[in-house]
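For reference, the chains in residue letters:
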Amino acid sequence: MCAAEATASLLHVEENFSACLARIDALIFKPLLQAEPSDQKGKENFKLFLLLNDRFQALWNLTEENYRIVKQKYSTSESFCIQDIYIVWKGDLFLSLYIQYFVTFANYVVVHGFEHATKSKSEAWKHHKTVLKQFLTDFTSETSMSLALHTVLHKPIRDHIEQYILLLTKLNEVLKEGSEKDVVTSAVKEYVKLESFISQVLDEACFTKTLWKSLGYKFTDMLCVPERRLLEDSRNLPISASTNRSDRILLFDDVLVLIQGNSFQSFDLKLVWVDENCREKSTPGLYGLRIITPEETFFLSAKDPQMKAVWQWKLNQAIRQALNGKRDFPLWGKTGEGTEPPSCRFFTYVFRLESKFKSASYEGEWHWGKPHGKGTVKWRDGRNHVGDFKEGLEHGFGICLVPRRSEDRYDCYKCHWYEGKMRGYGICEYGNDMVYKGYFKDNVRQGFGILENHSAEHPFKYTGQWENDKKNGYGVWEDKDRGERYIGTWLDDHKHGQGIVVTQSGVCYQRTFHADKMVGSGILLLEDDSVYEGNFTEDLTFVGKGKLSFANGFILEGTFTNKSGQGLQTQGILNTSNEQPDERITKTQLGLKEFPVEKRWKGIYDQFLEFIHSGCKEETEESFTGFHIQTSKELRKSQEYLFCHRGTEDVSWKIEDILEELVHLKELESLQRYLEKALKSSLHPLGKLLKALTIAFQATYSGIGANRHLLTMAQEEVKYYAKKIWEFYQGLLHLALEQKGQMPAKCVDGETSDQKACSVVLPLILPCFYPELFMLYMLYHEREDDLYCQGIVDLSLFPDIKLLEFLDVQKHLWPLKDLTLTTNQRRSLIKDKCFLSATECLQKLITTVDPREKLLILQKTYEEIESTVSRVVETDYKLPMDDLLPLLMYVVSRAKIQHLGAEIHLIRDLMDPTNQGGLYDFLLTALESCYEHIQRMRLHQRENCHLSHSS
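Here the structure is a predicted model, which is why all the values come from computation and not from measurement.

> What is the right way to read the overall build of the protein from this model?
A count of helices and strands for the protein gives 27 helices and 27 strands. Within the span of the protein, comprising 951 residues, buried residues form 50% of the whole. For the protein, the share of sequence-separated contacts (at least 6 apart) that also reach a separation of at least 24 residues comes to 52%. For the protein, the exposed area adds up to about 46500 Å²; of that, 51% sits on carbon and sulfur atoms.

> How should I be thinking about helix α26 (residues 900-910) in this particular structure?
Given 3.6 residues per helical turn, the α-helix brings residues three or four places apart onto the same face. Most of α26 sits inside the fold, with 8 of its 11 residues counted as buried. Within the span of α26, buried status applies to Leu-900, Gly-901, Ala-902, Glu-903, Ile-904, Leu-906, Ile-907 and Leu-910.

> Could you clarify how one ought to interpret the packing of helix α23 (residues 836-843) against helix α25 (residues 881-895) in this entry?
Angle between the axes and distance between the axes are the two parameters that describe a pair of packed helices. The geometry of α23 relative to α25 is characterised by a closest axis approach of 9 Å and an angle of 60° between their N-to-C directions. Judged by the inter-axis angle, α23 sits oblique to α25. Between α23 and α25 lies a crossing of right-handed hand. Every residue of α25 that contacts α23 at Ala-838, Thr-839, Leu-842 and Gln-843 is listed here: Val-891, Val-892, Arg-894 and Ala-895.

> Even after reading the chapter, I still don't get the packing of helix α13 (residues 602-613) against helix α18 (residues 685-701), so can you show me in this structure?
Packing of α13 against α18 leaves a shortest axis separation of 10 Å and a crossing angle of 170°. Overall, the two elements α13 and α18 adopt an arrangement that is roughly antiparallel. In this structure, α13 contributes Ile-604, Tyr-605, Phe-608 and Phe-611 to the contact, and α18 contributes Pro-685, Lys-688, Leu-689, Ala-692, Leu-693 and Ala-696. Looking at side-chain class alone, the contact of α13 with α18 contains 9 nonpolar, no polar and 1 charged residues.

> So what exactly am I meant to see when it comes to the sheet that holds strand β7 (residues 287-292) here?
Backbone-to-backbone hydrogen bonds join strands into a sheet, with any given pair of strands oriented parallel or antiparallel. Spatial ordering of the open sheet is given by β2-β8-β7-β6, a layout of 4 strands whose pairing is antiparallel. Unpaired on one side and paired on the other, β2 (240-241) and β6 (273-275) mark the two borders of the sheet. Both β2 and strand β8 (residues 297-302) contribute to a ladder of 2 bridges, which runs antiparallel. The residue bridging Ala-241 from the neighbouring strand is Leu-300, located in β8. Against the sheet, helix α11 (residues 305-324) engages β6, β7 and β8, with an angle of about 20° to β7.

> Would you mind going over the side chain of Ser-893 with me for this structure?
Here Ser-893 lies in helix α25. Excluding its chain neighbours within four sequence positions, the residues that come into contact with Ser-893 are Ile-792, Leu-795 and Leu-803.

> Honestly, the sheet that holds strand β5 (residues 263-268) in this entry has me stumped. Any pointers?
The antiparallel open sheet is built from 4 strands, whose spatial order is β1-β3-β4-β5. Two strands lie at the open edges of the sheet, namely β1 (230-233) and β5, each paired on one side alone. Neighbour to neighbour, the strand axes of the sheet diverge by 20° on average, direction disregarded. Pairing of β1 with strand β3 (residues 248-252) involves 3 bridges; the strand directions are antiparallel. Paired with Leu-230 across the bridge in β3 is Phe-252. Relative to β1, helix α9 (residues 179-214) is tilted by about 60°, and along the sheet it contacts β1 and β3.

> How do you make sense of α25 when you look at a structure like this?
Given a rise of 1.5 Å per residue, 15 residues ought to cover 21 Å, and the 20 Å separating the end C-alpha atoms of α25 matches this to within 8%. Of all 15 residues in α25, 12 are buried; the element is thus mostly enclosed. When we look at burial in α25, the residues that qualify are Asp-883, Leu-884, Pro-886, Leu-887, Leu-888, Met-889, Tyr-890, Val-891, Val-892, Ser-893, Arg-894 and Ala-895. At the exit of α25 stands Lys-896, carrying a positive phi of roughly 50°.

> Sorry if this is basic, but what is going on with the nonpolar core here?
Note on soluble globular proteins: their nonpolar side chains tend to be buried together. Among the nonpolar cores identified, the biggest contains 79 residues, and Leu-675 and Ile-765 are the most heavily contacted of them. A per-element tally of this core places helix α19 (residues 711-739) first, with 16 residues.

> Would you take a moment to explain unusual backbone geometry for this structure?
Of all residues except glycine, most have a negative phi; of all peptide bonds, most are trans. Positive phi outside glycine occurs at Glu-419, with the angle close to 50°. Residue position: Glu-419 is located in the loop between β14 (410-418) and β15 (421-429). Positive phi, normally seen in glycine, also occurs at Asp-529, with a value near 75°. Within the secondary structure, Asp-529 sits in the loop between β23 (517-525) and β24 (531-536).

> Looking at this structure, how should I read the packing of aromatic side chains?
Aromatic rings in a pair are described by how distant their centres are and how their planes are angled relative to each other. Applying the stated criterion to the full structure yields 53 aromatic pairs. Taking the centre distance of 5.2 Å and the plane angle of 90° together, the rings of Tyr-349 and Phe-351 count as edge-to-face. Among the residues examined, Tyr-349 registers a relative accessible area of 17% and is labelled buried. By relative accessible area, Phe-351 is classed as buried at 6%.

> What is the right way to read the pattern of salt bridges from this model?
Opposite charge on two side chains permits pairing when their charged atoms draw close. Using the criterion set out here, one finds 42 salt bridges in the structure. Note that Arg-327 is salt-bridged to Asp-253, the shortest N-O span being 3.8 Å. Highlighted residues: Arg-327 in the loop between α11 and β9 (344-350) and Asp-253 in the loop between β3 and β4 (255-260), separated in sequence by 74 residues. Looking at Asp-253, the relative accessible area reads 14%, which means it is buried. Notably, a salt bridge pairs Arg-409 with Asp-433, separated by 3.5 Å at the nearest N-O pair. On the criterion of sequence distance, the pair formed by Arg-409 in the loop between β13 (393-403) and β14 and Asp-433 in the loop between β15 and β16 (434-441) is long-range, its members being 24 residues apart. Salt bridges sharing common partners tie together Glu-204, Asp-253 and Arg-327.

> Would you explain the pairing of β14 in this entry?
Remember that side chains alternate between the two faces of the sheet whenever the strand is regular. Within β14, 7 of the 9 residues are buried, which leaves it mostly tucked inside the rest of the structure. With 8 bridges joining them, β13 and β14 adopt antiparallel strand pairing. In the strand pairing of β14, Gly-398 is matched with Cys-415. Remark: 6 residues form the turn of the hairpin made by β13 and β14, two consecutive strands paired antiparallel; Ser-406 in that turn has positive phi of roughly 60°. Two elements, β14 and β15, share 6 bridges in a ladder whose sense is antiparallel. When the bridges of β15 are listed, Cys-415 appears paired with Gly-426.

> For this particular structure, what's the right way to read the side chain of Ser-18?
You can see Ser-18 is positioned in helix α1 (residues 3-34). With relative accessibility at 7%, the residue Ser-18 sits in the buried group. Once you skip the residues sitting within four places of it in the chain, Ser-18 turns out to touch Trp-60, Thr-63 and Glu-64.

> How should I be thinking about the environment of Ser-893 in this particular structure?
We classify Ser-893 as buried; its relative accessible area is 0%. Taking the C-alpha atoms as reference, Ser-893 lies 8.4 Å from Ile-934; in sequence the two are 41 residues apart. For Ser-893, the side chain forms a polar contact with the main-chain oxygen of Tyr-890, separated by 2.6 Å.

> How should the pairing of β24 be read in this particular structure?
As paired elements, β23 and β24 share 4 bridges and run antiparallel to each other. Bridging across to β24, Leu-525 finds its partner in Val-531. As consecutive antiparallel partners, β23 and β24 are separated by 5 residues, and within that stretch Asp-529 has a phi angle of approximately 75°, a positive value. As paired elements, β24 and strand β25 (residues 542-549) share 6 bridges and run antiparallel to each other. Bridging across to β25, Phe-536 finds its partner in Phe-542. Counting the residues that bridge the hairpin from β24 to β25 gives 5 residues, and of these Leu-540 lies at a positive phi of roughly 65°.

> What exactly am I supposed to notice about the confidence of the model for the protein here?
Regions with low pLDDT carry predicted coordinates that are not meant to be interpreted in detail. In this model, the protein carries a mean pLDDT of 85, and residues with pLDDT of at least 70 account for 87%. The low-confidence segment residues 639-650, where pLDDT is below 50, has 20 contacts with residues more than four positions distant or belonging to other chains. A low-confidence stretch, residues 946-951 stays under pLDDT 50, and its non-local contacts, those more than four residues away or across chains, total 0 contacts.

> Can you walk me through the environment of Val-531 in this structure?
Examined against the element boundaries, Val-531 turns out to sit in strand β24. Relative accessible area serves as the criterion here: at 1%, Val-531 is assigned to the buried category. Along the backbone, Val-531 and Lys-587 are 56 residues apart, and their C-alpha atoms lie at a distance of 9.6 Å.

Parameters and conventions
- Residues numbered from 1 in each chain as written.
- Predicted model: local features only at pLDDT ≥ 70, side-chain atom pairs only at ≥ 80, totals over all residues.
- Heavy atoms only, no water.
- Helix = DSSP H or I, 4+ residues; strand = E, 2+ residues; numbered from the N terminus.
- Buried < 20%, exposed > 50% of the residue type's maximum accessible area, 1.4 Å probe, protein only.
- Contact = heavy atoms within 4.5 Å.
- Areas by Shrake-Rupley, 256 points an atom, 1.4 Å probe, with all protein chains shown as cover.
- Axes fitted to C-alpha atoms, helices over the stretch in contact; angles between N-to-C directions.
- Parallel < 35°, antiparallel > 145°, perpendicular 65-115°, else oblique.
- Left-handed = near helix turned anticlockwise from the far one by under 90°.
- Nonpolar A, V, L, I, M, F, W, Y, C, P; charged D, E, K, R; others polar.
- Pairing = 2+ DSSP bridges.
- Expected span 1.5 Å × (residues − 1).
- Core = buried A, V, L, I, M, F, W, Y, C linked by side-chain atoms within 4.5 Å.
- Phe/Tyr/Trp six-rings, centres within 6.5 Å; stacked < 30°, edge-to-face > 60°.
- Salt bridge = Lys/Arg side-chain N within 4 Å of Asp/Glu carboxyl O.
- Polar contact = N/O pair within 3.5 Å; in protein donor to acceptor, adjacent residues only side chain to side chain.
- pLDDT = per-residue confidence, 0-100.

As structure tokens, then:
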């Protein structure tokens, strides 16, 4: 058979089939469409019949179109090819319409549609019955009208598909090997599959129809759906459920039904998992399958392994097809064999049984019957939880909305969860305008955290330790209304124990507190440098025995009273023998004994330590180290970084990369470069730790907390930060080596951990704390710096030669060649020309925060002075101390550095201990001597003025 013969045969087949469809339409569909029933069940079936008619019309139209195209081609062309055969190159369209027709036909069979249709009492139908019976006898010998209709509406169409297969098979036999033969072979296979599919669809429909007949009306009304198919029945293939929970088990294509007496349970197949490897059996000697659903688990038991295998296969195929949203083609063909349904799924489910999720709906990912992965839970009371789940519980990052009673507001928890409870770092935005940023454990605030009230009524901020949802341990409270800050210990949300209070006006005191009340005596440091030691009230009124040390050195000791309208009164002794104030009193440093530095901010260190001890797992990183995140926007970005897309930073800070890189850091320089990058990054654990410590430091010492009596407390805190960061670096390194099976290398340079922290880490972290720390140094040395500045002003009035002479610089060291003159200038009046390079060098002291760099600038200044002198004397000249001090004092007076006392003491306190006793120490001592000498000059000048006024 050639293509032309195949076309002629197809034309004949399509012509006959089209005529057959026309008769079916005229004698069956049109009369039945006119016989619309009045009862509810009949109306539902009629809607289905309308759909069947639509499918029939589409099939008929396609046949007519195919016939017209083939006829036109046959009559106008002498040459034919495979593309002219419509059923081949438009095969997908043919298959689709035939499938739609037979699926709808099967649906109509399932609901007993033909039985209901033939019972119509319509006059048109009664009149038509005689003609119809004669027509039906041409197709079937069935005497039952419903069976005859059933046969007529599927048999001619199935026969027609067989004709297609026969025609294409003959054509395929004569075609030579090549692309055309491949196309026809593929088409034949698809039409054979269609034939198999139709057979299976009709078998399933009859099987399901028989079931609905056998079940009572109650079950049928609730379970019968046109699209639902029965796949297996425990009465046909025996299997039983555990604990005698069912009399009959029905497997449909969308649900698994267990019938017990007059009740039944149905389980959506999309949320059914079948475990064949269950060891547990309902009864000894039986072969079991464990059926897992979101809220129930039960066993199906078969008497032999073959029966178990059949049920297992049918269950898995039904589940897989239900998840795909379509049946296989053909229904039980090769495409369904051997493929297991996925254990991970996405679905929506409403929980019914008693549990924390009762009546809640969950939409998201599932794994073996439990929420697992990303999902959303919504409770009826308005609670929502969106986030990660693990084995049925909230686990990982999640956002939870909790409605507040009697308020149209929500508490919003953006937090990490562990086995169903909040644990780790989170941000909670309460409905009453308060925000908590910190750590949780077992659904309560636990560890380090910040609570801030943004409302206008009573704004406050607490930064510190929490235990069992209450403020407990060391913490800082800022009352923005009162303009004061409390630094101290807490117990059950109350100030309790030792505490320091700093006020906006500059007053500072230290007392013992009990349940928010001050008890016992304390120390009160006033703005004018007066110090009171004794008892005083909350409004800072002296009461009882006490000692008041004035700024001028006088001391009043006695009993203080404050009677209404009479002001402060005292009985005691006034000691005026001290002419100068005692700096040990006026510069008293608070909090050192009361708050040991290792006990402050323990909640921050504990989280990072726990992270290292847990093996630095990436999925828990933000839970432990998340405090660098301080806004909801940052929190969202952080989660995107962890779980979706990496950030734009040049360096990858994935935990495995971090640990891998640490192992290869051998040289000190490479270690310093690494730490510098790590501490600047918001993605490296050490950078996150530094951010958390910066927040705690600023909460204590910035703004109101900038009080000179807290300088030593702040300074030792920064040093301790460096020590802890070094310890955590060591912890990460040990973990990395441990994972590689290596041992940590021993320290070969003899430096201790504290020395390493001070020399390596401290310079790197100091910029984060410098603004607050240097402010404290400025306040602490304010008086000395004022004297120094006034001395600098006096010395700046001198021309260069006069100043060199005044400072007793030897004349042969004067750089007179640098005093370039212009017209009408006198050498004795020129200023700011001598030792200009050294002066400009020293002025750079304020451009850096690193004590190492400040000492290098000081060394460079010394070298510039020595270089200038060598140029003057025209030989290499090493300055002795006697010559250096006057020259350095000249350079200092010309550099006019503000707050030089604060700079010197910051360098002295924070410089590398290995520099003590060396050149840097010597130069710093020389600078300190200059600073003190300039102060004394001004002080003597004041005293001389005072004496002259007295005389």
